Amino acid sequence: MFQARNKWMTLFSIAVLSCQLQPAIAQQRPVVPATFQELPDPTSDVRSDWSAVKSGLHSSFVSIDKRYPKSVAPQISVDKDQTLIGWKGERVSAQVLIWSAQSQKDLKVEVSDFKGQNNSRIPSNQLSARFIRYVMTDEFASGCGHRKPEDFASSLSPDMLDNLSKMDLDAKTVRPVWITVNIPTNAKPGKYEARVSVSSANQKTQQLSLSLEVLNVQMPKVADWTFHLDQWQHPSAVARVEGLKVWSDEHFEAMKPIYKPLAEAGQKVITATLNKDPWNVQTYDPYEDMILWTKQKDGSWAYDYRIFDRWVQFMMDMGVNRMINCYSIIPWNNEIHYQDQSSGKLVNVVAKPGTPIFEELWTPFLKDFVKHLQGKGWLERTNIAIDERERAQMDAAFSLMKRVAPELGISYADNQKTYQRYPDSEDISIAVGHPYSLEDLIDRRNRGLNSTFYICCSDAFPNQFTFSDPAESTYLGWYALASGFDGLLRWAYNSWVENPLQDSRFRTWPAGDTYIIYPKGRSSIRFERMLEGIQDYEKVLLLQQALQKKGDHEAMETLANAIAKLNNPKRFEGWNSDLNKAKALLNELSRKL
């Protein structure tokens, strides 16, 4: 939802207008059934030849870097053994592929305890095997812009990690399974072995061997991670898919499994709103108000912060507490609304930065907001956030904030080097691939200021669409290392489409751009691989410190060279190989610590 999208907004502004006039989300029929059928495969793959596949159930470990089409008989070398390597406290992953030319009932995948030397053990409750579900996706094509499904190649993509204990396997299809291992912080270093059991109602159980090497190095606690992860939350979407009244007790309860994984991935920022939907309903669900403005009969203003306070405290209780980024003093349509006590009506106003009405409406709010934040003890972590706007508007907004509320921080997405004109901005995010100065980033870091890069619909690589290569999500962490950024901003964590369990396509962006987590807190390949890259980022920083302390300059240079190869925001030949080589080097050097 950045400037790259601006030119497309008029294409559906009329459709958006009807959404804006609708009342707040009320209780409605939920759209998150416990079980569901995947959409039919729209590709010619459904006619693939399975005649060479022997009868029965087949299984093999496969690369986590690949997505496997649902209707194509696998052409792979069967691998019944795989080894994972990780630090204490790290989450590591493997992928198993299951296929059959005949239908299979009650397919199950179970993982045993990990057993090591000297009776050491990692219990099976630290492991999971989740069926990967297929969602409809499309293609990048031209990136941002209005999309008619019939104009884009569609296919089924394996992405969502479901929590089913068993499921049926249709004839002539494959079913990938995601294996997750959460290595305990107190695990004894060494090698472990576990069994992955694959069975169905009419087939004998197959056994695969999963090995784990736990290195004698420990991940820091998530609260101590330095990677600045900022994924915008969308509470209203949760209310809609769960069929709940927005901001009800039941709504907040339903949000716990959605935002807990985000907190556990090291999220640093709470996404909050100041008035009406700051993005002019670019998402399927409008953003519901968090702060209610009222113009009283005597002309003074009153602000109801109860929803805002509950939301912020909710996320802080989840463990997200570094920043509160409040959108936006420059909404996409420059509109704000308020309840007029005299008329009893909701009044909508266009208030462009630099105009008298802008200052008239925002000045009393900003002053009152500062007082409220001071009372809550949140002022120092709160930023007024702006999603890339025109230079003149940003200048006018910054000027007002500096005059009437200098205590508030500023956060914005940047693709015009705004940070050089406002060098003290607390939190900036620069469009991936946009020119920037590494010296400026270093200077900002030395002054305690935060600098990230962002990706959106205009970026073919690296990105996290449902058709993107899985390793692109891991590449993001390594790109941050290589380019000097402190982390990543991505605009949509859970801005769900109409039916997110089955179809990830949306009216204006490439499929999957609007969400990375699924209803009920179901994870995705993209989320797990992104977490992998964040962990790598933290591990590299610790490794660099250890090598510096040891004075191992040769190893430091070797590692720096491997990282430097990944300082590229455009797809290049061999990128995935270079990434895996850097990861292997990280493990090799970690063994020597």
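Residues numbered from 1 in each chain as written. Predicted model: local features only at pLDDT ≥ 70, side-chain atom pairs only at ≥ 80, totals over all residues. Heavy atoms only, no water.

Digging into the overall build of the protein chain
Inference 1: Along its length, the protein chain carries twelve helices and 24 strands.
Inference 2: Counting only C-alpha atoms and orienting by the principal axes, one finds that the protein chain spans roughly 80 × 60 × 40 Å.
Inference 3: Burial analysis of the protein chain (593 residues in total) assigns 59% to the buried set.
Inference 4: Put simply, of all contacts in the protein chain between residues at least 6 apart along the chain, 75% involve residues at least 24 apart.
Inference 5: Surface summary for the protein chain: the accessible area is close to 24200 Å², and the carbon and sulfur share equals 48%.
Inference 6: Put simply, the protein chain has 70 plus and 71 minus side-chain charges, and the middle of one group is 3 Å from the middle of the other. (Helix = DSSP H or I, 4+ residues; strand = E, 2+ residues; numbered from the N terminus. Buried < 20%, exposed > 50% of the residue type's maximum accessible area, 1.4 Å probe, protein only. Contact = heavy atoms within 4.5 Å. Areas by Shrake-Rupley, 256 points an atom, 1.4 Å probe, with all protein chains shown as cover. Lys, Arg positive; Asp, Glu negative; His and termini not counted. Charge placed at Lys NZ, Arg CZ, Asp CG, Glu CD.)

Describing the pattern of salt bridges
Inference 1: Counted according to the given criterion, the structure contains 37 salt bridges.
Inference 2: E38 serves as the salt-bridge partner of R133, at 2.9 Å between the closest nitrogen and oxygen. Of this pair, R133 sits in strand β7 (residues 127-137) while E38 sits in the loop between α1 (13-20) and β1 (58-62); the two residues are 95 residues apart in sequence, bridging distant segments of the chain.
Inference 3: A relative accessible area of 3% places R133 in the buried class.
Inference 4: Linking E213 and R591 is a salt bridge whose minimum nitrogen-to-oxygen distance equals 3.0 Å. You can see E213 sitting in strand β12 (residues 203-218) and its partner R591 sitting in helix α12 (residues 575-591), a full 378 residues away along the chain.
Inference 5: The class for E213 is buried, based on a relative accessible area of 15%. (Salt bridge = Lys/Arg side-chain N within 4 Å of Asp/Glu carboxyl O.)

Some words on the nonpolar core
Inference 1: Residues F308, W311, L366 and F369 are the most contacted members of the largest nonpolar core, which totals 134 residues.
Inference 2: Excluding its chain neighbours within four sequence positions, the residues that come into contact with W311 are Q233, P235, F252, M255, Y259, I270, T271, A272 and M290. (Core = buried A, V, L, I, M, F, W, Y, C linked by side-chain atoms within 4.5 Å.)

Digging into the sheet that holds strand β3 (residues 91-100)
Inference 1: Read across the sheet, five strands follow the order β1-β3-β10-β7-β8 without closing on themselves; strand pairing throughout is antiparallel. Every other strand in the sheet has two partners, leaving β1 and β8 (155-161) as the edge strands with one partner each. Across the sheet, the mean angle from the axis of one strand to that of its neighbour is 30 degrees, orientation sign disregarded.
Inference 2: As paired elements, β7 and β8 share six bridges and run antiparallel to each other. If you follow Y134 over to β8, its bridge partner there is P158. (Pairing = 2+ DSSP bridges. Axes fitted to C-alpha atoms, helices over the stretch in contact; angles between N-to-C directions.)

Points about the environment of I291
Inference 1: For I291, the position within the fold is in the loop between β14 (269-273) and β15 (292-295).
Inference 2: Take I291: its relative accessible area is 1%, and that puts it in the buried class.
Inference 3: Sequence spacing of I291 and F308 is 17 residues, and the spatial spacing of their C-alpha atoms is 5.9 Å.
Inference 4: Each residue touching I291, except ones within four places of it in the same chain, is listed here: T273, L274, N275, Y303, D304, Y305, F308, F365 and F369.

Focus on the confidence of the model for the protein chain
Inference 1: Averaged over the protein chain, the pLDDT score is 94; the fraction of residues at 70 or greater is 94%.
Inference 2: Within the model, the stretch residues 2-26 combines pLDDT values under 50 with 53 contacts to residues more than four positions away or in other chains. (pLDDT = per-residue confidence, 0-100.)

Considering unusual backbone geometry
Inference 1: Omega for the peptide link from Y327 to S328 comes to -10 degrees, which places this bond in the cis form.
Inference 2: By the element assignment, S328 lies in the loop between β17 (323-327) and β18 (335-340).
Inference 3: With an omega of -10 degrees, the peptide bond running from F461 to P462 counts as cis.
Inference 4: Positive phi, normally seen in glycine, also occurs at N280, with a value near 55 degrees.
Inference 5: Mapping N280 onto the fold places it in the loop between β14 and β15.
Inference 6: We note that K417 has phi near 55 degrees; this positive angle belongs to a residue other than glycine.
Inference 7: The partly exposed category is assigned to K417, whose relative accessible area is 30%.

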